[in-house]
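Examination of the molecular architecture
Single-letter residue listing:
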Amino acid sequence: MTSTHRIAVIPGDGIGQEVCPAARAVLDAVGARHGVTFCYAEFDWSCARYQREGAMMPADGLDRLRGYDAIFLGAVGAPGVPDHVSLWGLLIPIRRSFKQYVNLRPIKVFEGVPSPLRNANPGEVDLVVVRENVEGEYSEVGGRYGRGFPEEMALQEAVFTRAGVSRIADYAFELATRRGNRVTSATKSNGIVHTMPFWDEIVAERAANFPGVSWGSEHIDALAAKLVLDPARFDVIVASNLFGDILSDLAAALAGSIGMAPAGNINPEREFPSMFEPVHGSAPDIFGKGIANPIGAIWTAAMMLEHLGHPEAAAEVLAAIAGVLAKTDLRTPDLGGTASTTEFTSAVVEFLGG
Ligand SMILES: NC(=O)c1ccc[n+]([C@@H]2O[C@H](COP(=O)([O-])OP(=O)(O)OC[C@H]3O[C@@H](n4cnc5c(N)ncnc54)[C@H](O)[C@@H]3O)[C@@H](O)[C@H]2O)c1
């Protein structure tokens, strides 16, 4: 039986435009083997559009995306456009309006890609950061006061809700039951005295519903150090928006390169499309050279396949990435090689039998 999925593709800026074709090539190749076709609609929403038309996306942008089965995004951000414009003009409205409250960021150390850490071995480091994605520290509440005066100040409020913390904790515990049955909750309740004890209390309440999962809370500073010293110890890490954002870049670097890290912005209730985007940004320093590592985007495509109900196809894509890394010397320059984005992508497609 064939199935067709309608995918909205937003390549965005910089290397986002180079890694999206890589992800599409792999999706088409694996899709052909599994009777799955993808009908892509590409949107030019980006900083270039902002510079041309004064907005990252059109006023009815969210309505245009609503009917798709999923959204695939490359990266946004460009020199000359403040980063908060690209983030708040595109990514955050999509994440929040479509209730993509889970940001899922898996990390693995692959055979053939040495970690910068001595003790991070392939097969041992395999963890997922479950980042709260729609509230927390990334809030619009606050302001700048007394601009230009000596007493100038800035105030930024964090927003944590019972519903928001409960659902992200539930997602993390449920995910752990399908993995290694261990959850680590990132906190900072010694320094942040209102929101973090609230987070801890609710995580503890939700944990009681998952007696088979062992769990603990760790302060974010100590947790960051432990992630470096003993990354194999972790299975599922649940964290607030800011802590999850920082930890997942750290964890991605442990795996060898931020260019390898995938992410999904998930609406678990499937009321709205979920959005899949590699963790990395638009990397203006390497844009145009054709050397962006496509692994993050390709693995992100595998996460999208899984979400769309094709776990076998997703597993094949991951096996193809691992296979190319284990059996060939092909590496993009961020991993010490000389391969181009298209050379590495072609090797993955070939591995898939495409
Ligand atoms: N989700 C997103 O769209 C997203 C995420 C992070 C940053 N950004 C934006 O991207 C721009 C650049 O940000 P940054 O420099 O902090 O982060 P970045 O991830 O773009 O780059 C950090 C470093 O990693 C390298 N790198 C990143 N992805 C790579 C890949 N696939 N292959 C090889 N090397 C790779 C870059 O060359 C750079 O040296 C900014 O405008 C920022 O706001 C966007």
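What counts, and where the lines are drawn
- Residues numbered from 1 in each chain as written.
- Predicted model: local features only at pLDDT ≥ 70, side-chain atom pairs only at ≥ 80, totals over all residues.
- Heavy atoms only, no water.
- Helix = DSSP H or I, 4+ residues; strand = E, 2+ residues; numbered from the N terminus.
- Expected span 1.5 Å × (residues − 1).
- Buried < 20%, exposed > 50% of the residue type's maximum accessible area, 1.4 Å probe, protein only.
- Contact = heavy atoms within 4.5 Å.
- Near = heavy atom within 4 Å.
- Polar contact = N/O pair within 3.5 Å; in protein donor to acceptor, adjacent residues only side chain to side chain.
- Areas by Shrake-Rupley, 256 points an atom, 1.4 Å probe, with all protein chains shown as cover.
- Nonpolar A, V, L, I, M, F, W, Y, C, P; charged D, E, K, R; others polar.
- Phe/Tyr/Trp six-rings, centres within 6.5 Å; stacked < 30°, edge-to-face > 60°.
- Axes fitted to C-alpha atoms, helices over the stretch in contact; angles between N-to-C directions.
- Parallel < 35°, antiparallel > 145°, perpendicular 65-115°, else oblique.
- Left-handed = near helix turned anticlockwise from the far one by under 90°.
- 1 Å grid on protein atoms, 1.4 Å probe; cavity = no way out; pocket = protein on both sides within 12 Å on 5 of 7 lines; lining within 4 Å.
- Points joined across faces, edges and corners; volume = space filled by probe spheres on them.
- Disulfide = S-S within 2.5 Å.
- Core = buried A, V, L, I, M, F, W, Y, C linked by side-chain atoms within 4.5 Å.

1. Here we look at helix H5 (residues 162-177)
Taking 1.5 Å of rise per residue, the 16 residues of H5 would be expected to cover 22 Å, and the 23 Å separating its terminal C-alpha atoms lies within 8% of that figure. Along H5, the positions that sit buried rather than exposed are Gly 164, Val 165, Ser 166, Ile 168, Ala 169, Tyr 171, Ala 172, Phe 173, Leu 175 and Ala 176. Next to the buried residues of H5 lie strand E4 (102-108), strand E5 (126-132), strand E8 (182-187), helix H6 (195-207), strand E9 (214-219) and strand E10 (236-239).

2. Regarding the site of the ligand
Taken together, 21 residues lie around the ligand, and Asp 83, Gly 281, Ala 283, Asp 285 and Asn 293 are the ones closest in. Interatomic distance of 2.7 Å between a backbone N/O atom of Gly 281 and an oxygen atom of the ligand. Bound to the protein, the ligand loses 69% of the 810 Å² it would expose on its own. Residue composition of the shell around the ligand, by class: 11 nonpolar, six polar and four charged.

3. Quick look at the packing of aromatic side chains
Tallying each qualifying case throughout the model produces eight aromatic pairs. Residues Phe 43 and Tyr 68 carry aromatic rings whose centres are separated by 5.9 Å and whose planes lie at 90° to one another, so their mutual orientation is edge-to-face. One end of the pair, Phe 43, is in the loop between strand E2 (36-42) and helix H2 (47-53); the other, Tyr 68, is in the loop between helix H3 (61-66) and strand E3 (70-75), and 25 residues separate them in sequence. Each member of the pair Phe 43 and Tyr 68 is classed as buried. Here the aromatic rings of Phe 173 and Phe 210 are separated by 5.5 Å at their centres, their planes lie at 15°, and the arrangement is stacked. Separated by 37 residues along the polypeptide, Phe 173 in helix H5 and Phe 210 in the loop between H6 and E9 bring together distant segments of the chain. With a relative accessible area of 0%, Phe 173 lands in the buried category. Classification of Phe 210 as buried rests on a relative accessible area of 16%. One aromatic cluster is present, built from ring pairs that chain together Phe 43, Trp 45 and Tyr 68.

4. Here we look at the packing of helix H1 (residues 16-34) against helix H9 (residues 295-307)
Remark: H1 packs on H9, axes separated minimally by 8 Å, with the N-to-C direction vectors making an angle of 45°. Classed by the angle they form, the pair H1 and H9 counts as oblique. Considering the relative orientation of H1 and H9, their crossing is right-handed. Facing H1, whose interface residues are Val 19, Ala 22, Ala 23, Val 26, Leu 27 and Val 30, H9 presents Ala 297, Ile 298, Ala 301, Met 304 and Leu 305. Taken together, the residues of the contact of H1 with H9 sort by class into 11 nonpolar, no polar and no charged.

5. Re the layout of surface pockets
It is a probe the size of a water molecule, rolled over the atoms, that shows where empty space is left. One number sums up the size of the largest pocket: a volume of about 670 Å³. Of all elements in the fold, only E4, E5, H5, H9 and helix H10 (311-327) reach the threshold of two or more residues within the lining of the largest pocket. At five residues, the largest contribution of residues to the lining of the largest pocket is made by H9. The class makeup of the residues in the lining of the largest pocket is 17 nonpolar, one polar and seven charged. Each pocket or cavity is described by its volume, and for the second largest pocket that value is around 450 Å³. What lines the second largest pocket is a set of 21 residues, among which Val 76, Leu 87, Leu 91, Val 279 and Gly 281 lie closest to the centre. Elements represented by at least two residues in the lining of the second largest pocket include exactly E3, helix H4 (83-97) and helix H8 (241-254). Looking at which element gives the most residues to the lining of the second largest pocket, the answer is H4, with five residues. Grouping the amino acids of the lining of the second largest pocket by side-chain chemistry returns nine nonpolar, five polar and seven charged.

6. Thoughts on empty space enclosed by the protein
One pass over the structure, following the stated rule, counts one cavity of 30 Å³ or more. Approximately 40 Å³ is the volume attributed to the largest cavity. What lines the largest cavity is simply Pro 106, Ile 107, Lys 108, Ala 252, Ala 255, Ser 257, Met 260, Ala 261, Pro 262 and Trp 299. No other element matches E4, which puts three residues into the lining of the largest cavity.

7. Here's the deal with the state of the cysteines
Enumeration according to the criterion identifies zero disulfides in this entry. In this structure Cys 20 is not part of a disulfide, and its nearest cysteine sulfur, from Cys 47, lies 14 Å away. Overall, the relative accessible area of 2% leaves Cys 20 in the buried class. In this structure Cys 39 is not part of a disulfide, and its nearest cysteine sulfur, from Cys 20, lies 16 Å away.

8. Observations concerning the nonpolar core
Membership of the largest hydrophobic core comes to 93 residues, with the highest contact counts inside it found for Ile 7, Phe 72, Leu 104, Leu 127, Val 130 and Ile 321. Counting residues per element, this core draws most heavily on H9, at nine residues. The residues contacting Phe 72, other than those within four sequence positions of it, are Ile 7, Ala 8, Val 9, Ile 10, Cys 20, Ala 23, Phe 276, Ala 297, Thr 300, Ala 301 and Met 304. Counting 22 residues, the second largest nonpolar core, distinct from the first, contains Ile 10, Leu 73, Leu 91 and Met 275.

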